[in-house]
Each structure stands twice: as C-alpha cells, then as structure tokens.
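Letter by letter, the chains look like this.
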Amino acid sequence: MSIDSDVLDLCGIGLGPSNLSLAALLAPLDDVEKVFLEARPSFSWHPGMLLPGAQLQVSFLKDLVTTVDPTSRYSFLNFLAQHQRMYRFLIARRDAPVTREEFQQYYAWVARSLPFVRFGQRVGAVEHDGDSFVVRVGQQQQVHARNLVVGVGHQPFVPACATGLGPQVIHASEFGTADPPSAGRRVVVVGGGQSGAEIVDHLLGRGDELPAHITWVARQHGFLPLDDSAFANEWFNPQFVHQYFQLPDQVRRRLLERQRTASNGISEGLLERIYRRLYEVDYLSAARVAYRLRTSTELVGLTRTGQGLRVTLDDLISRQRETLDADLVVLATGYRHVVPDFLRPLLGADDLADVKTNLDYSVRWKGAALGAIYLQNGAEHTHGIADPNLSLGPWRSATIVNSLLGREVYRTGAAESALWPAAGAAGSSADGKDAPLIVSLAKELTERTDEGDELHLIDLTSATDLPTAPFQASWWTVSPGSATQVDRHDAHEIWLVSAGVGRFTCGGETAEVRGGDVLRIPPDTAHRIENHGTEVLSVYSVWWG
C-alpha cells in the first residue's frame, strides 16, 4: 500500500483508544499527511471483556478528546447527540457509570468517521532507509513516513505453568468471545483485579446455568477496592506526570507500586454486587453454587488429568500448598509490557521498561535525529500510574501533536491541580524577589520500602511564593544490613550522607562512605549504597536535568 508514493508526516500503527484519540485530534489538521494502520478488520476494544453490564472506571468526559478540545466533533457527547439519545442517556446514567459496550459503540463511530484509518493492515516490519521510515504491510505493500506513533497495546500474560493446555484454560481477554461452557462445571478464576471480578460476577449472574463450583484466587491480601478518592485522582493529572518524570528510577518504582490500587483495584459497586449475589446464593436462591474465595494465594501449577485439570495453589501466608480439580480455568492475570516484534530491530529492546521515553512520549533511539518514534500506552515506568489509563489519553495525544508539529496546537501545560502546582501558578512570585527568606516546603511525601526504610520525597514546587525549583530532592534512610536497589537514570544526582556509614558503588567503582561525604552520580550510571554499619544510614538526594 504505497500512498501516492509520497512520504507522509506520520504513520500510526495500531488503533486502540490511545491512537484513536491521536487520530481524532489530528483530523482537523489538513497540513498533516497521516495514516493509521490497524490489523483487525474493524475497531474492537477488548472484545473478550465486553461482558453484559461491564462499566467504565472513569468519567465519560474522559473520552477521546474532551479534556483537551471540548468543542471537537469527536466527543462522546456529540456521539450521543448525533444518535439522538442524549436525554435517554442522561436519565439512564444519572447514577451509574457508562458501560464499556456504549464506549465501544462511540469508539467505532469515531473510527468510521476518519478517512485516513485503514483496517485489515497488519504491520510486519519497520525500517529506516535514511530518509524515512518504511512500514511494511504484508509481502509487498509499504508506507513511507517521517515519524511513527505506535499504539498496539500489550500482550496477555499467561503464567508458564498454564501454557499449552487447550481450550479449558483461557485468558480473560478471550473470555467474552470464546464464551466457554461453565454451567455445572468447576471453574477457577485466577486474578483479584477488575477483570477477575467481572468474570466472577458474570458467572454468578447466569441464573439456571450456574457453575457447580467457583474458586476465585487472588495474590493480594484481599479483594481490594479501586482507590477513586479525590486525592488519588490527582495522580491522573498532567502535573503529576511532570513531577513523576523528574524522579530517579528507584523513586518511581516505589511510588508506582504504592499507587496500584488507584489503577488495579476493583470498582466498589462491583464488589458490593458480587457480595450480594453470594448472599443470595447462600440464603435466598433455589439455584445454588459452591464457592471458595482465596486471597493471599498464588497459582503455581496446572496440569491436565483426563478430561479435567489439576490446579496447584500456594498460600502466601501459611506457606501451605493444596491441589484442586477444575473443568475450566480463567486467567485474569493481566498483560505483558513488551516491545512489538516489528519495532525491536530499531529500538534494540524487548521489554518496554528498557525503552527510554522523553516527556513528549518520543522514544530515545539511535536514529532519533532522522525521525521520531512516539509510544502510546507504553511509558508507565517513566510517566506514572496514569499511562495505561483512559484518563490522560487525550492529553498524551495532544502532547504528541504539539511535539510533532513543533507548535502548540492544543493547550497541554499548566493544568490545574490541588497537589501539584504548575510553574507560574496564582500566588507565586515570578522572580522570587518578594519571597521571604524562610519558607515552608510543606509537601513532603513519605513512603516506606518493603525493608521498612523510609523515603521522603520533598516537593520543591509546593511553596507557592517561590518560583519553581530547577531540581528535585528527597531524603531517605537505609537500615543496618540493608541496601538500596541498583538504580540508573538520565538525571544528574548528588547524594549527601548525613549520618551513618556505608559502601557506595557507582559505575563499577566502590568506596567506603560516612556522614559528611558528598557523592556525585553521573547520568546513566548504575549505583547503589549498602549499610554495613550498626546505625541507620541517612542520605539526602538532589537531582536535575
């Protein structure tokens, strides 16, 4: 498929919600020559999880465009208006979230409206010939483009013990389309997140076609609700992305793990509905189903036994192992963050965590001066908890548009935030001349590591009467006998050891350090510190760049 043999400004590969958002924001820009390629024959958003009644975990205003361009013709509200169901929607959804099925209809409507979207086009390879990217589709078709944006989604994660066992073992991403028979069968659902909960809810709601037995397995120490509180939602704010991006890798990892319930938790309404259904099954309904809810439990083995399956589980608290028999195992085990096969030769990496991404979502690759590669939904490790979420999709796409064109087409800066003030926010001093000599840097976020050590992230933008600091800072402790993880990042960093003794390793060199020492860490250099003393080791860290 050579498009008039011209070199396009942009080729998009993949068309999930992320790239569909970008395509919608690019649609009004006639001066941008673009095409978006999608392997599937039509738009389809997680078809295996479009279970009846499955709901969004975000507001319908977080659609493809509204948060950056509320006047766009591709908004969800305009979709409702065009289909003459606005008033019915307002009545039907006044107290309930939008269903995924309705958003699937909206997404498909937008995709059909964009003339530069091509379905049934599977990309096999991508090269750069020195002038442009060459995107190969099939055996002979190709597209030439100056820039790429990749949004092909993630691969379902299947534990090694669960592979190659046939149709009785299925990943949650295929559950709705495969529709495996479950009536009268022993079903094990592995995974304590939203997907696992939706599948359990679906199984419990099948009326006269209930399974004989349901076992729901979760590694977490409980079926945890989604943290949808006001301040947790500040993590899904563009200002937090800027804050997070500046942190050292080690700090990012710690914060990310402590924010998981804001993205991986189960909707409270869904948890309540499952509990009510279990109550009805136990006491009110003539149709019965036996069940076991297993938290703090891990799937460690899965084998075939005649017509069924033998499931091996480990209790993570008691360390006891048990086996049980099943007829169907559903794996709600999430997704793997991998680099698409066609992109690996250019990036030289297999895991997205090894890909360095700039603030504008462009990838740092050896040919960056020749053309930009933008990554959609693949930068959680550098941009934070919101990256795979729908909440910031339009803002991310607008950021890419502005970067691609080298001008501000959409406003993406200085977003309002209660926790993460932007530079130049109201009440701030432009040059600091009127600021007092003593200020309170009030925002100090305290985290605790798995080893019990404390990490204090000091937000130097929280003093609103000062200009934004050109660096970030934290202070942290390492207990006797403990050590930090090996860290590596692009920032310049200085450690000031305030108390204790330790062994500092940086770039292959090791030195004994104690209170009063100042340690310099160059960019892109592996480093760690070990406390081999008897007192707590305390370190202040400052980083920039």
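Residues numbered from 1 in each chain as written. Predicted model: local features only at pLDDT ≥ 70, side-chain atom pairs only at ≥ 80, totals over all residues. Heavy atoms only, no water.

Counting its regular elements, the chain contains 13 helices and 26 strands. Across the 545 residues that make up the chain, the buried fraction comes to 50%. Of the contacts formed within the chain by residues at least 6 apart in sequence, a portion of 70% connects residues at least 24 apart. Just so you have it, the chain exposes about 25800 Å², and 50% of that area is on carbon and sulfur atoms. (Helix = DSSP H or I, 4+ residues; strand = E, 2+ residues; numbered from the N terminus. Buried < 20%, exposed > 50% of the residue type's maximum accessible area, 1.4 Å probe, protein only. Contact = heavy atoms within 4.5 Å. Areas by Shrake-Rupley, 256 points an atom, 1.4 Å probe, with all protein chains shown as cover.)

For the rest of this paragraph, the subject is the packing of helix H1 (residues 17-26) against helix H13 (residues 393-405). At their nearest, the axes of H1 and H13 sit 9 Å apart, and the two run at 55 degrees to each other. It follows from the interaxial angle that H1 and H13 lie oblique. For the pair H1 and H13, the crossing hand works out as right-handed. Residue-level contacts link Ser 18, Ser 21, Leu 22, Leu 25 and Leu 26 of H1 to Gly 393, Pro 394, Arg 396, Ser 397, Ala 398, Ile 400 and Val 401 of H13. Along the lines of polarity and charge, the residues of the contact of H1 with H13 split into seven nonpolar, four polar and one charged. (Axes fitted to C-alpha atoms, helices over the stretch in contact; angles between N-to-C directions. Parallel < 35°, antiparallel > 145°, perpendicular 65-115°, else oblique. Left-handed = near helix turned anticlockwise from the far one by under 90°. Nonpolar A, V, L, I, M, F, W, Y, C, P; charged D, E, K, R; others polar.)

Along the chain, Arg 407 falls in the loop between H13 and strand S18 (444-448). Not counting chain neighbours up to four residues away, the residues in contact with Arg 407 comprise Asp 31 and Asn 402.

This brings us to the sheet that holds strand S14 (residues 321-326). Here three strands make up an open sheet; going across it, the order is S12-S13-S14 and the pairing antiparallel. For this open sheet the edge positions go to strand S12 (297-305) and S14, each flanked by a neighbour on one side alone. On average, each strand axis in the sheet is tilted by 25 degrees relative to the strand beside it, whichever way the strands run. Inspection of the sheet shows strand S13 (residues 308-315) paired to S14 by six bridges, in the antiparallel sense. Looking at S14, one finds that Asp 314 is bridged to Arg 321. (Pairing = 2+ DSSP bridges.)

So, about a nonpolar patch on the surface. Judged by side-chain polarity, Tyr 279, Tyr 283 and Leu 284 come together as a nonpolar surface patch covering roughly 390 Å² of accessible area. If you trace the backbone, Leu 284 turns up in the loop between helix H10 (268-283) and strand S11 (290-294). (Patch = residues over 30% accessible without salt bridge, like charges linked within 9 Å, V, L, I, M, F, W, Y side chains within 5 Å. Salt bridge = Lys/Arg side-chain N within 4 Å of Asp/Glu carboxyl O.)

Let's shift gears to the sheet that holds strand S9 (residues 186-190). One key point about sheets: their strands pair by backbone hydrogen bonds, in either a parallel or an antiparallel sense. Taken in spatial order, the five strands make up an open sheet running S8-S15-S9-S10-S11, and their pairing is parallel. The open sheet has two edge strands with one neighbour each: strand S8 (169-171) and S11. This sheet shows a mean twist of 15 degrees between the axes of neighbouring strands, independent of strand direction. Where S9 meets strand S10 (residues 213-217), five bridges bridge the pair, whose relative direction is parallel. Its bridge partner lying in S10, Val 190 is registered against Val 217.

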